[in-house]
Amino acid sequence: MDTPDDLYYTDDHEWLRVENGTATVGITDFAQSELGDIVFVELEPEGTELGQDDIFGTVEAVKTVSELYMPVGGTITAINTELELSPEVVNEDPYGDGWMIEIELAAPDEAEELMGADAYAEVT
């Protein structure tokens, strides 16, 4: 499994990349492999304010639907609209083109509470 060192991780298998007060969120390589072929992604719209652990969307695979949880609180500033037409991108490139949302962080310190790559690798 691929677990980049520059990301934060959650127990629910979301990742967070923080850059200049904003963050990008997606699901991990482990999560996409466990789900199998992703056929649909539904995300909350831009402008939605959510707290840490709130649901920001769902991912539907061939045999299951999984909820997506906010790693930190914030306001959604962008969604990956490419996933509407090509949800399989999450399987192909979970840390790159398969990103799901961008957020403006409500409390940047919340990211420090998440796991680093080494800790996340131990739970997968």
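Named according to an unreviewed UniProt entry, the protein is Glycine cleavage system H protein originating from Salinibacter ruber. In UniProt, the protein has this text filed under Subunit (unreviewed entry): "The glycine cleavage system is composed of four proteins: P, T, L and H." UniProt, in the comment section headed Function (unreviewed entry), describes the protein in these words: "The glycine cleavage system catalyzes the degradation of glycine. The H protein shuttles the methylamine group of glycine from the P protein to the T protein."

Novice: What exactly am I supposed to notice about the overall build of the protein here?
Specialist: The helix and strand tally for the protein stands at four helices and nine strands. Reading the helices (α) and strands (β) of the protein from amino to carboxyl end gives β-β-β-α-β-β-β-β-β-α-α-β-α. Relative to the globule expectation of 14 Å for 124 residues, the C-alpha radius of gyration of the protein, 13 Å, shows essentially globular dimensions. Structurally, the protein occupies a C-alpha span of about 35 × 35 × 20 Å along its principal axes. The buried share among the 124 residues of the protein stands at 47%.

Novice: Mind showing me how you'd approach the pattern of salt bridges here?
Specialist: Two side chains that carry opposite charge are able to pair once their charged atoms sit near each other. Evaluation of the coordinates by the stated rule reveals one salt bridge. In this structure, R17 and D6 form a salt bridge, with 4.0 Å as the shortest nitrogen-oxygen distance. Taken together, the residues span a long stretch of sequence, with R17 in strand β2 (residues 14-19) and D6 in the segment before β1 (8-9) at a distance of 11 residues. Overall, the relative accessible area of 53% leaves D6 in the exposed class.

Novice: Where do I start with a nonpolar patch on the surface in this structure?
Specialist: On the surface, V39, F40 and V62 cluster together to form a nonpolar patch covering roughly 270 Å² of accessible area. With respect to the helices, strands and loops of the structure, V39 is situated in strand β4 (residues 38-43). V39 gets classed as partly exposed once you look at its relative accessible area, which sits at 43%.

Novice: Would you take a moment to explain the sheet that holds strand β7 (residues 65-69) for this structure?
Specialist: Strand pairing in a sheet takes place through backbone hydrogen bonds and is either antiparallel or parallel in direction. Taken together, the three strands give an open sheet; going across it, the order is β4-β6-β7, and neighbouring strands pair in antiparallel fashion. Here the strands that pair on one side only, and so sit at the sheet edges, are β4 and β7. Each strand of the sheet is rotated relative to its neighbour by a mean of 20°, with strand direction disregarded. With five bridges connecting them, strand β6 (residues 55-61) and β7 associate as antiparallel partners.

Novice: Sorry if this is basic, but what is going on with the UniProt feature "modified residue: N6-lipoyllysine" (unreviewed entry) in the protein here?
Specialist: UniProt tags K63 as "modified residue: N6-lipoyllysine" (unreviewed entry). In this fold, K63 is placed in the loop between β6 and β7.

Novice: When you look at the UniProt feature "domain: Lipoyl-binding" (unreviewed entry) in the protein in this model, what are you seeing that I'm missing?
Specialist: UniProt tags residues 22-104 as "domain: Lipoyl-binding" (unreviewed entry). The span residues 22-104 is 18% helix and 43% strand, and its two end C-alpha atoms sit 5 Å from each other.

Novice: Before we go on, may I ask you to explain the environment of D97 in this structure?
Specialist: The residue D97 is located in the loop between α3 (89-92) and β9 (101-105) in this model. The partly exposed category is assigned to D97, whose relative accessible area is 46%. In the structure, D97 is positioned 14 residues away from L83 in sequence and 9.1 Å away in space, judged by C-alpha atoms.

Cut-offs used in this document
- Residues numbered from 1 in each chain as written.
- Predicted model: local features only at pLDDT ≥ 70, side-chain atom pairs only at ≥ 80, totals over all residues.
- Heavy atoms only, no water.
- UniProt positions renumbered as here; feature names shortened; annotations may be inferred.
- Helix = DSSP H or I, 4+ residues; strand = E, 2+ residues; numbered from the N terminus.
- Rg over C-alpha atoms; globule rule 2.2 N^0.38 Å.
- Buried < 20%, exposed > 50% of the residue type's maximum accessible area, 1.4 Å probe, protein only.
- Salt bridge = Lys/Arg side-chain N within 4 Å of Asp/Glu carboxyl O.
- Patch = residues over 30% accessible without salt bridge, like charges linked within 9 Å, V, L, I, M, F, W, Y side chains within 5 Å.
- Areas by Shrake-Rupley, 256 points an atom, 1.4 Å probe, with all protein chains shown as cover.
- Pairing = 2+ DSSP bridges.
- Axes fitted to C-alpha atoms, helices over the stretch in contact; angles between N-to-C directions.

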